[in-house]
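What follows is each chain in one-letter form.
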Amino acid sequence: MGSAKNKSNTARQARIEEMRRAERARERRNRILTITASVVVVVGLVAAGVVLVRSQSDADKDEAQPSDKVPGKFVTGKDGVRTWNTKLSSTHVETSVGYPMEPPVGGDHHRAWMNCNGDVYDKELRKENAVHSLEHGAVWVTYTSKASKADVEALTTKVKQTPYTLMSPDEKQQDPIMLSAWGHQRTVTSASDPNVAKFFETYVQGKQTPEPGAPCTGGLSE
């Protein structure tokens, strides 16, 4: 009888051990499945993130591309005025634009213009906004720190008295004093240079204006 009991205990322990082995096997399979699923999710998220970043980057490049690669060049006339020899685009963009000239005389620009009703600014302007002012027929007077104080003051007075003009510093330009209109630009030697008056007379709301009569108020003031 004792022998039968021992056999029963042995069989029960064998079954228990078999059940334990089966449970351990299930746990291993579950761990493997869980790890595999986690890896798949992580890889999927990473891939989705890469695609999103690349898509956004490509979109930004596509948006900026039209103005970053403006074709053409300046051609200098007998009067000293440089004229851009190809048509300049005028699309509204939210991104920065890489203009091929300094200061820019046209191209894609921000939807908000700088106020240009004889407005004088003491800081450099965001070019995308100033170009929009040129589209409205404004003349933009720019100067560097090499311009004399007397010239800056005289030009300030002239601009303040002239609707559809604006003025600001620009340390990146080549010459101390420059005048810009849509598609046109020139250097002047001083505020008393007679070419200042000629440029204003020709290009303030001149024939080059893409949007004649568009306002020079109601835009940005800083």
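Criteria and thresholds
Residues numbered from 1 in each chain as written. Predicted model: local features only at pLDDT ≥ 70, side-chain atom pairs only at ≥ 80, totals over all residues. Heavy atoms only, no water. Helix = DSSP H or I, 4+ residues; strand = E, 2+ residues; numbered from the N terminus. Expected span 1.5 Å × (residues − 1). Buried < 20%, exposed > 50% of the residue type's maximum accessible area, 1.4 Å probe, protein only. Arc of directions from axis to C-beta. Contact = heavy atoms within 4.5 Å. pLDDT = per-residue confidence, 0-100. Core = buried A, V, L, I, M, F, W, Y, C linked by side-chain atoms within 4.5 Å. Disulfide = S-S within 2.5 Å. Polar contact = N/O pair within 3.5 Å; in protein donor to acceptor, adjacent residues only side chain to side chain.

## Notes on helix α3 (residues 149-160)
Okay, so step 1: Along its 12 residues, α3 runs 16 Å from first to last C-alpha, staying within 8% of the 16 Å computed at 1.5 Å per residue.
Okay, so step 2: Buried residues of α3: D151, V152, L155, T156 and V159, and no others. Buried residues of α3, viewed axially, fall in a sector of 135°; they line one side. What points out from α3, more than 90 degrees from its buried face, is the exposed set K149, A150 and K160.
Okay, so step 3: In this structure, the buried residues of α3 make contact with β3 (117-120), β4 (139-143), β5 (165-169), β6 (177-181) and α4 (194-203).

## Observations concerning the confidence of the model for the chain
Okay, so step 1: For the chain, the mean per-residue pLDDT works out to 84, and 68% of the residues sit at or above 70.
Okay, so step 2: Below pLDDT 50 for its whole length, residues 57-68 participates in 13 contacts with residues either more than four positions away or in separate chains.

## A closer look at the nonpolar core
Okay, so step 1: Judged by nonpolar contacts, the single largest core of 20 residues is most densely connected at L88, M101, M114, L125, W140 and L166.
Okay, so step 2: It is helix α2 (residues 127-135) that contributes the most residues to this core, three residues altogether.
Okay, so step 3: The residues contacting L166, other than those within four sequence positions of it, are M114, N115, C116, D119, Y121, L125, S133, A138, V139, W140, V141 and V159.

## Brief notes about the side chain of K127
Okay, so step 1: With respect to the helices and strands, K127 occurs in helix α2.
Okay, so step 2: In this view, K127 contacts Y99, E102, P104, W140 and D170; residues no more than four positions away in its chain are not counted.

## Some points on the state of the cysteines
Okay, so step 1: Taken as a whole and assessed by the stated rule, the structure comprises one disulfide.
Okay, so step 2: The side chain of C116 participates in a disulfide bridge whose partner is C216; the two sulfur atoms lie 1.6 Å from each other. Taking the sign of the S-S torsion, about -90° here, the bridge from C116 to C216 comes out left-handed. In this pair, C116 sits in the loop between β2 (82-84) and β3 while C216 sits in the segment after α4, placing the two residues 100 residues apart along the sequence. Residue C116 shares its accessibility class with C216, and that shared class is buried.

## Describing α4
Okay, so step 1: Residues of α4 that are buried: N195, V196, F199, F200 and Y203. Along the axis of α4, the buried residues cluster in a sector spanning 140°; they form a single face. Away from the buried face of α4 by more than 90 degrees, exposed residues P194, K198 and E201 are located.
Okay, so step 2: On its buried face, α4 is in contact with β4, α3, β5, β6 and β7 (184-187).
Okay, so step 3: Backbone nitrogen of N195 and a side-chain oxygen of the N-cap are separated by 2.9 Å at the start of α4; the cap is D193.
Okay, so step 4: Of the residues trailing α4, Q205 is marked for its positive phi of about 55°.

## Focus on the environment of H109
Okay, so step 1: Inspection of the secondary structure puts H109 in the loop between β2 and β3.
Okay, so step 2: In sequence terms H109 and E128 are 19 residues apart; their C-alpha atoms lie 4.4 Å from each other.
Okay, so step 3: Setting aside residues no more than four positions away along its own chain, H109 makes contact with S90, T91, H92, V93, Y99, E128, V131, H132, E135 and W182.
Okay, so step 4: Only 2.8 Å separates the side chain of H109 from the backbone oxygen of G107, close enough to count as a polar contact.

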